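Examination of the molecular architecture
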Amino acid sequence: MAQQVYTLLVEVGRAADDGLPEGASGAALVCYASGVTEEEAVRETVAILKQAGLAPIEVTGHGSIDERLAEGHEIPQEERALMDRALNENAVIVAQMEPLYGDGDEEGDD
C-alpha cells in the first residue's frame, strides 16, 4: 500500500513547558500526517507531539485527501500544499494550533 496523507484534529492538554499561552487549558491542532493507514498516521502524530512536549488527549481522523474529496470537502491550494509537503517529507505538519480556554466541566460553572 502507498503512503497517503491524513487530516487529523488533535486535542492536547497542558504539560510542563508546552509553550501554550498562560490560562489555556490545552489546544486544538489540525495536522497533516503521512502513513500507509490512518492508524499509522495517528501513532506517528502522537509520538511527534509527545516529543515536542505536548500532551495529546484525543485524535479525530478526517480521512485521506481522496476520502475528503469524496465527501464533498473543498480543499484550498494552501492546504493541498501542506498535504503534499507531509507526503514528500514523510512528516507530520501542524497546520493550525488554537489554544483552548476552560472545559466547561469545572466546578462552580453553574
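In what follows, the structure referred to is the one given above.
Throughout, a residue's number is its position along its own chain's written sequence, starting from 1. Given that this is a predicted model, residues contribute local features only at a pLDDT of at least 70 and side-chain atom pairs are listed and counted only at 80 or more, while totals for whole chains, interfaces and linings are drawn from all residues. Only hydrogens and water are set aside; all other atoms, that is, all heavy atoms of the structure, feed into the side-chain values.

1. Observations regarding the environment of Val10
For clarity, the threshold we go by: Helix and strand definitions here come from DSSP, where helices need a minimum of 4 consecutive H or I residues and strands a minimum of 2 consecutive E residues; each element is numbered from the N-terminal end. Throughout this description, buried means an accessible area under 20% of the type-specific maximum (1.4 Å probe, protein chains only), exposed means over 50%, and partly exposed covers the range between. Residues count as neighbours in contact if any of their non-hydrogen atoms are within 4.5 Å of one another.
Here Val10 is to be found in strand E1 (residues 4-13). Look at Val10 and you get buried, because its relative accessible area is 0%. Separated by 49 residues in the primary sequence, Val10 and Val59 have C-alpha atoms spaced 4.5 Å apart. With residues near it in sequence (within four places) discarded, Val10 still touches Ala27, Ala28, Leu29, Cys31, Thr45, Leu49, Pro56, Glu58 and Val59.

2. Some points on the nonpolar core
Test applied: Think of a nonpolar core as a cluster: buried Ala, Val, Leu, Ile, Met, Phe, Trp, Tyr and Cys residues, connected wherever their side-chain atoms sit within 4.5 Å.
Counting twelve residues, the largest nonpolar core consists of Tyr6, Leu8, Val10, Val12, Leu20, Ala27, Leu29, Cys31, Ala33, Ala41, Leu49 and Leu54. Elements supplying a minimum of two residues to this core: E1, strand E2 (26-35) and helix H1 (38-51). For Cys31, the contacting residues outside a window of four places in its chain are Tyr6, Thr7, Leu8, Val10, Thr45, Val92, Ile93 and Val94. One finds Val5, Tyr32, Ile75 and Ile93 within the second-largest nonpolar core, a separate group that totals seven residues.

3. A look at the pattern of salt bridges
Put simply, the test is: Note on definitions: salt bridges are taken to be side-chain nitrogens of Lys or Arg within 4 Å of carboxyl oxygens of Asp or Glu.
Considering all chains together, one arrives at three salt bridges under this definition. In this structure, Glu89 engages Arg85 in a salt bridge whose closest nitrogen and oxygen atoms are separated by 3.3 Å. Taken as a pair, Glu89 and Arg85 lie in helix H3 (residues 77-89) at a separation of four residues, close to a single helical turn. By relative accessible area, Glu89 is classed as partly exposed at 47%. Accessibility expressed as a relative area gives 42% for Arg85, which makes it partly exposed.

4. Quick word on unusual backbone geometry
With a phi close to 55°, Asp17 is a non-glycine residue in the positive phi region. Mapped onto the secondary structure, Asp17 falls in the loop between E1 and E2. On the accessibility criterion, Asp17 (77% relative accessible area) is exposed.

5. Quick word on the environment of Gly102
Looking at the secondary structure, you find Gly102 in the segment after strand E4 (92-100). Judged by relative accessible area, which is 38%, Gly102 ranks as partly exposed.

6. Brief notes about the side chain of Thr45
By the secondary structure assignment, Thr45 is in helix H1. You can call Thr45 buried: its relative accessible area is 0%. Look past the residues within four positions of Thr45 in its chain and what remains in contact with it is Leu8, Val10, Cys31, Ala33 and Val92.

Any functional reading would require information that these geometric values do not contain.
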